[in-house]
Amino acid sequence: MVNTPLSAPLNNAFDYTRSVGPTIGAFLAGLRRKQIVGGRGSDGRIYVPPPEYDSVTREPITDFVDVGSSGTVQSWSWVTDPYDGQPLDRPFAYALIILDGADTALLHAVDAGTSSAMSTGMRVHARWAEERVGDIHDVLYFLPGAGAADTPPEKSDVAAVTMITTPVRLDYMHSASAQESYYLRGLAEGRLIGGRTDSEGKVYIPPRGANPTDGRPTAEQVELPDRGIMTTYCVVNVPFLGQKIKPPYIAAYVLLDGADIPFLHLILECDPAEVRMGMRVEAKWKPREEWGYTLENIEYFRPTGEPDADYDTYKHHL
């Protein structure tokens, strides 16, 4: 049996949409009209970007001040090999820049060409995007030198910015545990393999590295059938972004025969009005050529038509 742990690159990504409120909204609307906006605190300092609340009085910031699009580098760090999604696809610097008229530094990219062209105290100016939408990318990056004199905003009647969508992504290499690896290899073969400490231990699927009740390793593998009972469930009626199945449908915890813990999966081929706890279900597998190292090899579970399980037989597994 192969014991080498599996590994694979994973990409967790989603678009985070939020309302921005009046303070951040003022800053973003300024960017849309080619103007960088700061906020004046009770201490008289100009903060860029403007904070939503004053750090001293804890009152909302309401005094907005236009500052220059040129400034002075306070500190910097050179990026030799940019990652996908960073401001530039060539070496650049991340720098803290104190803009003319501001008292705090703005973090942004500087396209200096080489690290030898960067220095603390150097003057830089903003390179604006041709099409501006009201987010920080309206300033593409900063360039060395004073640049042309700051020009007035192009438009003063731009629409207010009330919402912003920020892509969030985390790429990493995941190395599976020994237990997770044999579980995933089993799925690739059309088998459901759980784990337990010994013949007296509880069977967990997916298997865990150790029994959570006594900490002993779950060294023994247990092959389970692809049939079981449905314990708790939810009827999904509300559509949402990225949904692959048209509502209504059932998301339920399935307790396989011989297992001591249920796992979440879909229940289809069943009228949601007829779903119930204790209903016997079986796996509907995808075609063999579509299998991989994933529980998605099981397309869904469906009712078997057998009599429901008695509540006392699964009440300790809810």
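Residues numbered from 1 in each chain as written. Predicted model: local features only at pLDDT ≥ 70, side-chain atom pairs only at ≥ 80, totals over all residues. Heavy atoms only, no water.

Chemist: Please clarify how the overall build of the protein should be interpreted in this entry.
Modeler: Per the secondary structure count, the protein includes two helices and 17 strands. Computed over its C-alpha atoms, the radius of gyration of the protein comes to 29 Å, more than 25% above the 20 Å expected for a compact globule of 318 residues. In terms of its C-alpha atoms, the protein occupies a principal-axis envelope of roughly 80 × 45 × 40 Å. In the protein, which comprises 318 residues, the proportion classed as buried is 37%. For the protein, the proportion of contacts with a sequence separation of at least 24, taken over those separated by at least 6, is 58%. In the form shown here, the protein has an accessible surface area of approximately 17900 Å², with 53% of it arising from carbon and sulfur atoms. (Helix = DSSP H or I, 4+ residues; strand = E, 2+ residues; numbered from the N terminus. Rg over C-alpha atoms; globule rule 2.2 N^0.38 Å. Buried < 20%, exposed > 50% of the residue type's maximum accessible area, 1.4 Å probe, protein only. Contact = heavy atoms within 4.5 Å. Areas by Shrake-Rupley, 256 points an atom, 1.4 Å probe, with all protein chains shown as cover.)

Chemist: Would you explain helix H1 (residues 21–32) in this entry?
Modeler: The α-helix winds at 3.6 residues per turn, so residues separated by three or four positions along the chain end up facing the same way. Taking 1.5 Å per residue as the helical rise, H1 with its 12 residues ought to reach 16 Å, and the 16 Å between its terminal C-alpha atoms agrees with that figure. Those residues of H1 that fall on the buried side of the exposure criterion are Thr23, Gly25, Phe27, Leu28, Ala29, Gly30 and Leu31. Residues of H1 that are buried in the fold lie against strand E2 (36–40), strand E4 (64–67), strand E8 (123–128), strand E9 (139–144) and strand E10 (163–175). A positive phi of about 65° marks Lys34, the residue just after H1. (Expected span 1.5 Å × (residues − 1).)

Chemist: For this particular structure, what's the right way to read a nonpolar patch on the surface?
Modeler: Together, Tyr233, Met277, Tyr311 and Leu318 line one region of the surface with nonpolar side chains, adding up to about 380 Å² of accessible area. By relative accessible area, which is 43% here, Tyr311 ends up partly exposed. (Patch = residues over 30% accessible without salt bridge, like charges linked within 9 Å, V, L, I, M, F, W, Y side chains within 5 Å. Salt bridge = Lys/Arg side-chain N within 4 Å of Asp/Glu carboxyl O.)

Chemist: How should the packing of aromatic side chains be read in this particular structure?
Modeler: Here a ring pair, both rings aromatic, is described through the centre-centre distance and the interplanar angle of the planes. Tallied over the full model, the rule gives four aromatic pairs. Between Trp285 and Trp291, the ring centres sit 5.4 Å apart and the planes meet at 55°, which makes this aromatic pair tilted. Look at Trp291 and you get partly exposed, because its relative accessible area is 22%. In this arrangement the basic side chain of Arg90 is found over the ring face of Tyr141, its NZ or CZ atom lying 6.0 Å from the centre. (Phe/Tyr/Trp six-rings, centres within 6.5 Å; stacked < 30°, edge-to-face > 60°. Lys NZ or Arg CZ within 6 Å of the ring centre and 35° of its normal.)

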